[in-house]
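Below are the chains, spelled out letter by letter.
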Amino acid sequence: MSIAIIFNNKEASTWAEKIKTSYGVEVEVYPNIKDKSVIDFLLVWRPHDNYLEEFPNVKVVHSIGAGVDHMLNSSVNENVYLARIVDHDLKHDMFEHVLSIVLLENKRLLTYLENQLSHEWKPKRYKSSKNTTITILGVGEIGNYVANKLVDLGYCVKTWSQSNKENTPFTHYFGKEGFLKAILDTNFIVNILPLTKKTVAIFNKNFFNQLNSKPVLINVGRGKHIVEKDLVLALQEEHVLKAFIDVFETEPLPDDHFYWNNNKVFITPHVASVTQAD
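Residues numbered from 1 in each chain as written. Predicted model: local features only at pLDDT ≥ 70, side-chain atom pairs only at ≥ 80, totals over all residues. Heavy atoms only, no water.

Participant: I tried to follow the side chain of E251 on my own but got confused; where do I start?
Facilitator: By secondary structure assignment, the location of E251 is in the loop between β11 (242-245) and β12 (265-267). Engagement of the side chain of E251 in a polar contact is seen with the side chain of R46, the distance being 3.5 Å. Contacts of E251, omitting those with residues within four sequence positions, involve N9, R46, D246 and H270. (Helix = DSSP H or I, 4+ residues; strand = E, 2+ residues; numbered from the N terminus. Polar contact = N/O pair within 3.5 Å; in protein donor to acceptor, adjacent residues only side chain to side chain. Contact = heavy atoms within 4.5 Å.)

Structure below.
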């Protein structure tokens, strides 16, 4: 087997050394590949457009993340097998990321940080889990895990996906008819949707204008789910209270992007759930 790694904005040498040590095979890191025609296994994260055209004999393309949409920017013939990682740690890391934001908001910790800087002692009323409603959009393996863990902690959880799910400990809505019910009267909206033709730009002006409870938006799905200028407008018009965003249409986020200076947008650099080489 001949293996190559294609990582975009992600360190690859640790992965290469780990694979070489564990399996005794040589691993090359793009673009430093001697002969692309002999590569039959690609390990990828956000590879460049049309990358498969450079590897005529590849048999397997394996994502190091839970999703595969980021590696579909090249034509895939029927002889190429696409694979992804299914990892309990990824699911739990995602849950911890979402929970940390919920607690940060409910316990008013950002407010206290601001007060500390101005030497102000101003106790605030906090929101408990039993009085907090969290909507999760996308109930695949990760979304389902996050929803169940939040229910275990006493949160009121609503979920939405394209298809129905039965016998869940949370309230599940599905299809076009259930979408509005899922996003109304909620404190947090957590996006864990896959990126498809139906979900691209799902968070747009029409979506934000339907909200009735000024929820906090947490996006750990994909950057292309959000129409960025529509989100900024929704924050200005207070359809959305705050936005915690971990994924972006362009990564790294450009230095001149308008998110950087928006005090209602909180940026993390795609670290909600990260596969480790070990």
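Back to the write-up after that little detour.
Participant: Before we go on, may I ask you to explain the sheet that holds β12 in this structure?
Facilitator: Neighbouring strands of a sheet are bound in pairs by backbone hydrogen bonds; such pairs are parallel or else antiparallel. Here we have seven strands laid out as an open sheet, ordered β8-β7-β6-β9-β10-β11-β12, and parallel in their pairing. Bordering the open sheet on either side are β8 (171-174) and β12, each of which pairs with just one other strand. Each strand axis lies, on average, 15° off the axis of its neighbour in the sheet, ignoring direction. Note that strand β10 (residues 216-219) and β11 share four bridges and pair parallel. What sits directly across from I218, in β11, is F244. Seen against the sheet, helix α4 (residues 141-152) touches β6 (133-137) and β7 (156-161) and runs at an angle of roughly 170° to β6. In this fold helix α7 (residues 228-236) packs onto β10, β11 and β12, with an angle of close to 145° to the strand it touches most, β11. (Pairing = 2+ DSSP bridges. Axes fitted to C-alpha atoms, helices over the stretch in contact; angles between N-to-C directions.)

Participant: Any chance you could explain the layout of surface pockets here in plain terms?
Facilitator: Take a probe with the size of a water molecule and roll it over the atoms, and the empty space left behind shows itself. There is about 990 Å³ of room inside the largest pocket. Lining the largest pocket are 47 residues, and of these W45, A66, G67, R222 and H270 lie nearest its centre. Contributing elements (two or more residues each) for the lining of the largest pocket: α2 (88-106) and α4. Partitioning the lining of the largest pocket into residue classes produces 26 nonpolar, eleven polar and ten charged. In this structure, the second largest pocket encloses a volume near 540 Å³. Lining the second largest pocket are 23 residues, and of these E105, R108, V216, L241 and K242 sit closest to its centre. Mapped onto the lining of the second largest pocket, the elements with two or more residues apiece are α2 and α3 (109-117). Considering each element in turn, the lining of the second largest pocket owes the most residues, four residues, to α3. Considering only residue class, the lining of the second largest pocket consists of nine nonpolar, five polar and nine charged. (1 Å grid on protein atoms, 1.4 Å probe; cavity = no way out; pocket = protein on both sides within 12 Å on 5 of 7 lines; lining within 4 Å. Points joined across faces, edges and corners; volume = space filled by probe spheres on them. Nonpolar A, V, L, I, M, F, W, Y, C, P; charged D, E, K, R; others polar.)

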